[in-house]
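Here are the chains, one letter per residue:
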Amino acid sequence: MEKEKQSTPVIHKKKNSQFRNILRRFMKNQTAVFGLVIIFLLVIFALFPSQLSHADYTVQDLANRYSGPSAEHWLGTDELGRDMYTRIVWGCRTSLTIGLASVAIACAIGVTLGTLAGYFGGVLDNVLMRIVDILMAVPNLLLGISIVAALGNSITVLVFAIALGNIAAFSRVTRSSVITVRDTEYVEAARATGASDGRIMWKYVLPNALAPIIVQVTTSLAGSILNISGLSFVGLGVPAPTPEWGSMLSNARTIMRDYPLQIMFPGIAIMLTVFAFNLFGDGLRDALDPRLKN
Amino acid sequence: MKKQHVVSLFLAGAMVISSLTGCGGGGTSSSQPAGTSAAATQAAGQESKAEETKTAESQAATPAGIKDTLTLAAQSEPDTMDPCRGNGVSNNIIMNQVYDSLVQRNEDGSITPRLATEWEQIDDTHIRFKLREDVVFSNGNPFTADDVLYSLARTKNDSTALSTMSWYDPETSYAEDDYTVVVSMYTPYAPALYVLAGGRTWIGDKETMEEMGEENHARNPVGTGAYVLSEWVSGSSMLLARNDNYWGEPAKTPNIRINFIAEEANRIIALETGEADLAYYIDGADASRIEAIDGYHVERGPSYSYYLICLAMDNEKFADKRVRHALAHAIDFESLTSAAFDGEATTLTGVYPYIAEGFKEEGVWEYNPDKAKALLEEAGATGLSFELHILPGTAYQRMAEIIQGYWAAVGVTVNIEQSALATREAQGPWDASIRVATADEISNILIIYEKTFGSRLAPNDDWLDGKLQELKQLYDTDERAAMLEEIQDYLYDLKYSMPFAETDSVYGVSDALKGFTFQAQYNRANIAEWYIEQ
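No experiment lies behind these values; they were computed from the predicted model shown. Along each chain, numbering runs from 1 in the same order as the chain's sequence is written. Chain letters start at A and ligand numbers start at 1, both assigned in the order the entries are written. Restriction of local features to residues with pLDDT of at least 70 applies here, the model being predicted, together with a cutoff of 80 or more for giving and counting side-chain atom pairs; totals for whole chains, interfaces and linings are based on all residues. Hydrogens and water molecules were not included; the side-chain quantities draw on all heavy atoms of the structure.

J.: An account of the overall build of chain A is requested, with residue identities and associated values reported.
T.: In this text, helices come from DSSP runs of H or I with a minimum length of four residues, and strands from runs of E with a minimum of two, each type numbered from the N-terminal end. In terms of regular secondary structure, chain A is built from 12 helices and 0 strands. Listed N to C, the secondary structure of chain A is α-α-α-α-α-α-α-α-α-α-α-α in terms of helices and strands. Overall, the C-alpha framework of chain A stretches about 75 × 45 × 40 Å when taken along its three principal axes. Within chain A, the fraction of its 294 residues that count as buried is 44%. Any two residues having at least one pair of non-hydrogen atoms within 4.5 Å are treated as being in contact. Pairs at least 24 residues apart make up 70% of the contacts formed inside chain A by residues separated by at least 6 positions. Areas reported as accessible are Shrake-Rupley estimates using a 1.4 Å probe. Residue values count occlusion only from the protein chains shown. Here chain A displays about 15,300 Å² of accessible surface, and carbon together with sulfur accounts for 66% of that area. Charge convention: Lys and Arg are scored as positive, Asp and Glu as negative, and His as well as the terminal groups of each chain are ignored. Charge positions are represented by NZ for Lys, CZ for Arg, CG for Asp and CD for Glu. Separation of charge centres in chain A, based on 25 positive and 19 negative side chains, amounts to 9 Å. Accessibility here uses a 1.4 Å probe with only protein chains present; expressed as a share of the type maximum, an area under 20% marks a residue as buried, one over 50% as exposed, and anything in between as partly exposed.

Now the structure itself:
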């Protein structure tokens, strides 16, 4: 018992110092911190939309359409007299949920494929990577449009469509990262102790190949949010009346010359979110692997 | 390093600009300032050599001072130029220039001669037409009674014209001589002349069609109209050249270019840049924007088009009349119309547009959500949920979201599904939909309720179908009015359809354009009389 107590702090301290190093490097990067702050705010919006805005985003007020910003409607109302601020806040939840879910799925599948390909190499690598090549040959938006057109538009299909487009990037990044790790001495050592391939991959290879994957998560999130908006813009995204920034843009497109604010607010929301994730991703990359910085 | 930045910035800017102009031009590359023949020649420069000579020839024949090419911005490209396939405004805008019909229907509803000089009703089921003797097709072939019978029989056999041509009997219709045709009907059919004046019965040349084959002819049509189709760039534009063999008053302008620009905003841009002299299908809400363009104005008036909510008649969910009444009571139709069309449409107060024959004022259905809820409960339809299908376009989306909101307020859940008509119909039975319909004369006023028409409402009402057939057999206008009234009352109460908005036809027109007269239907536009003086 006592022995355990003694050994735990040692490991803890070691992990802590590595984490602290990364954190220190990250905090030094002001733009990345700025990105993180925006993401933090977005997450708050996504978690508590009904506390931060009206609880019902479908309330229409047909007599009060296109009204400008006021005390009652902070960002004005849209073409159906719905409160723009409410819809933007709720839209944040839509975008982040679909973005996170699709990136999680893509990450799980892509990382598995990439690890297998990178670790085993040879024929398996060749076959898996050619499949990934085929996936990469189809533009994400086109892939999304085809899937949604074939399976109908619902949030589940949308998540699947966007995830599929992201798998290729994850497996590529993972594969190249795994290749650099698989021949290191500690992996050799683990193999010499008789550890199985699965254990080696899970315990030794993946944890050390994680940095670029984490960075890929943030950039994929930004890309996915753009993709959701793109699909919604062409009318294949989130079904009405669920608010989504891309469909808000699409609705406002025809009236943008008369009511420019209608297109500005959702536009800014998309831009800010993607910008924040990109800043955060860049900062994270530099913090995780300082060698890459220059 | 800095230099590289400047270059890449410049490149990015150039890309943005080129993509923007790509959107605006709808496929044409030259933005042509109105009224310069130099620009017209430049535009013609893209065409083939043969085209250039043709243009030059027509130009030579033009009285000095008339602009050589008028450019029109239309919404969508015709899918065919086959004379039996005039099913839709976009096809007929062009076909009305390339082909002729036997008779012509005017803005006031009167029927006047076109290829037929006179006609007499022999009995209830036969009409004798005397044809013009001086007509040749654009390739020089003479026009005869044979061409009429051949063309009508082709339309009769076309799958898209089943309901329109149900009355026509090709077996017993015959030619008395080269210039006399007797059109025979299975049963008396009052709107026969309207159908013969409408877009379904263009007359093509039998000899040419048989020689060229139908498919080839559908791309390279030969007609008797004021213009000849001289160039068809798929997805982009059509060029019409004046038909020098035309039997009537020669067209005023030698060439008409029709650019197909799907987005309304881009059609307006085409007017702003001077690229087009006229644009079709302008939203009422954008009229002020056209008026603000220097040198352009708006021509508008009531159309025969109206929007309606359709509940599929063969769908169990709507079988109970109380449910249909409840769905109608849940909607404030006046607010819906005003919000969906930015106050630029009129709320329908009856079953079809008020300018169509025999319209009966029924009033706007009462907006009463409480009554709607009570009715739904009474019918045991609480928690009703169904699909609302709409056609592509942001206008439909807006209508659908408003209706979704109204129905949600009385506890009805609606999933909006947006796709092309053919796509949805191929997927099998549907629930509710928002559609647009045209009702201009007795043959089509209530066609959407006919069983043979299918589509939209999936009609299956025997009584109604019988009445609609009977209606078309009445030559006496008083009898017809009485029956129309009866049918309208029935439909208004039946509530499988909820017509709500009547829209205007709006053209954006160059101030310099002469000879324009407003036509409620875009395809009836008198293009051959249009010209711009220079």
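J.: A description of helix α10 (residues 210–233) of chain A should follow, citing residues and the corresponding values.
T.: A helix's residues, less one, multiplied by 1.5 Å, set its expected span. Here α10 of chain A contains 24 residues, and its C-alpha end-to-end distance of 34 Å stays within 8% of the 34 Å for a straight helix at 1.5 Å per residue. Backbone geometry just downstream of α10 of chain A places G235 of chain A in the positive-phi region, at approximately 85°.

J.: Go over the confidence of the model for chain A with me, naming the residues and quoting the values.
T.: For chain A, per-residue confidence averages 87 on the pLDDT scale, and residues scoring 70 or more make up 93% of the total. pLDDT measures how confident the predictor is about each residue, on a scale from 0 to 100. The model gives residues 1–10 of chain A a pLDDT under 50, and that stretch makes 0 contacts with residues more than four places away or in other chains.

J.: Before we move on, could you go through a negative patch on the surface and cite the residues and values that matter?
T.: All names here are of chain B. Only residues above 30% relative accessible area that lack a salt bridge enter a patch, with like-charged residues linked at up to 9 Å and the nonpolar side chains Val, Leu, Ile, Met, Phe, Trp and Tyr linked at up to 5 Å. Salt bridge, as used here, is a side-chain nitrogen of Lys or Arg placed within 4 Å of a carboxyl oxygen of Asp or Glu. A surface patch of like charges, here negative, comprises E133, D146, D177 and D178. Structurally, D178 is set in the loop between β6 (174–177) and β7 (180–184). Classification of D178 as partly exposed rests on a relative accessible area of 48%.

J.: Account for helix α5 (residues 145–157) of chain B, naming residues and giving values.
T.: Residues and elements named next belong to chain B. Spanning 13 residues, α5 covers 19 Å between terminal C-alpha atoms, matching the ideal 18 Å at 1.5 Å per step. Extensive coverage of α5 is indicated by the burial of 10 of its 13 residues. Of the positions making up α5, those classed as buried are A145, D147, V148, L149, Y150, S151, L152, R154, T155 and K156. Taken together, the buried residues of α5 touch β5 (126–131), β6, β7, α6 (192–197), α7 (206–212) and α8 (214–219).

J.: So what about the pattern of salt bridges? Which residues, and what values?
T.: Where side chains of opposite charge bring their charged atoms close, a pairing between them can arise. Per the stated rule, a full pass over the model turns up 42 salt bridges over all chains. The salt bridge involving D440 of chain B is made with R105 of chain B; its shortest N-O contact spans 3.1 Å. On the criterion of sequence distance, the pair formed by D440 of chain B in the loop between β16 (432–438) and α16 (462–472) and R105 of chain B in strand β2 (residues 103–105) is long-range, its members being 335 residues apart. Comparing D440 of chain B with R105 of chain B shows no difference in burial state: the two are buried. Ionic pairing is found between K472 of chain B and E450 of chain B, a salt bridge with its closest N-O pair at 2.7 Å. With K472 of chain B in helix α16 and E450 of chain B in the loop between β16 and α16, this residue pair connects regions lying 22 residues apart in the sequence. We note that K472 of chain B, like E450 of chain B, is buried. Taken together, the shared-partner salt bridges connect D78, E79, R82 and R87 of chain A together with E401 of chain B into one network.

J.: I'd love a proper account of the nonpolar core, names of residues and values included.
T.: Residue and element names in this part refer to chain B. Counting residues in each nonpolar core, the largest one holds 74 residues, and the members touching the most others are L327, W407, L446 and F500. Sort the elements by how many residues they give to this core and helix α14 (residues 394–409) lands first, with 7 residues. The residues contacting F500, other than those within four sequence positions of it, are Y307, L308, I309, F333, L336, T337, F341, T346, T347, L348, M399 and I434. Throughout, nonpolar core names a set of buried Ala, Val, Leu, Ile, Met, Phe, Trp, Tyr and Cys residues whose side chains join them through atoms within 4.5 Å. Ranked by size, the runner-up nonpolar core spans 64 residues in total, among them I93, A116, A161 and M185.

J.: Lay out the sheet that holds β5 of chain B with the relevant residues and their values.
T.: All names here are of chain B. When DSSP finds two or more bridges between a pair of strands, those strands are recorded as paired. In spatial order, the strands read β4-β5-β7-β6; together these 4 strands make up an open sheet with antiparallel pairing. Two strands bound the open sheet, and with one partner strand each, they are β4 (116–123) and β6. The mean angle between the axes of side-by-side strands here comes to 25°, regardless of whether they run parallel or antiparallel. Here β5 pairs with β7 via 5 bridges, running antiparallel. Across the sheet, residue H126 finds its bridge partner in β7, namely S184. A fitted line through C-alpha atoms serves as each axis, taken over the contacting stretch for helices, and the angle formed by two N-to-C directions is quoted from 0 to 180°.

J.: Please give an account of the interface of chain B and chain A that cites residues and values.
T.: Interfaces are often described in size by the accessible area the parts lose on coming together. The interface is formed by 22 residues belonging to chain B together with 17 residues belonging to chain A. Accessible area that two parts lose when put together, with a 1.4 Å probe and added across both, is what the buried area reports. In total, chain B and chain A occlude about 1,600 Å² of area from one another, counting both sides; carbon and sulfur atoms represent 39% of this. Here chain B is connected to chain A by 4 salt bridges. Residue E263 of chain B pairs with R253 of chain A through a salt bridge whose shortest N-O separation is 3.1 Å. N or O atoms closer than or at 3.5 Å make up a polar contact, with two conditions inside protein: a donor-capable atom paired with an acceptor-capable one, and, for residues adjacent in sequence, both atoms drawn from side chains. Taken together, the links from chain B to chain A amount to 9 residue pairs in polar contact (both at pLDDT 80 or more). Looking at the side of chain B that touches chain A element by element, the count peaks at 8 residues for α14 of chain B. Ten residue types, Ala, Val, Leu, Ile, Met, Phe, Trp, Tyr, Cys and Pro, are classed as nonpolar, four, Asp, Glu, Lys and Arg, as charged, and the remainder, Gly among them, as polar. Of the residues in the side of chain B that touches chain A, the class split is 8 nonpolar, 6 polar and 8 charged.

J.: Before we move on, could you go through the confidence of the model for chain B and cite the residues and values that matter?
T.: Per-residue confidence for chain B averages 86 on the pLDDT scale, and 88% of its residues sit at or above 70. Among the prediction metrics, the complex's ipTM stands at 0.75, with pTM recorded as 0.76.

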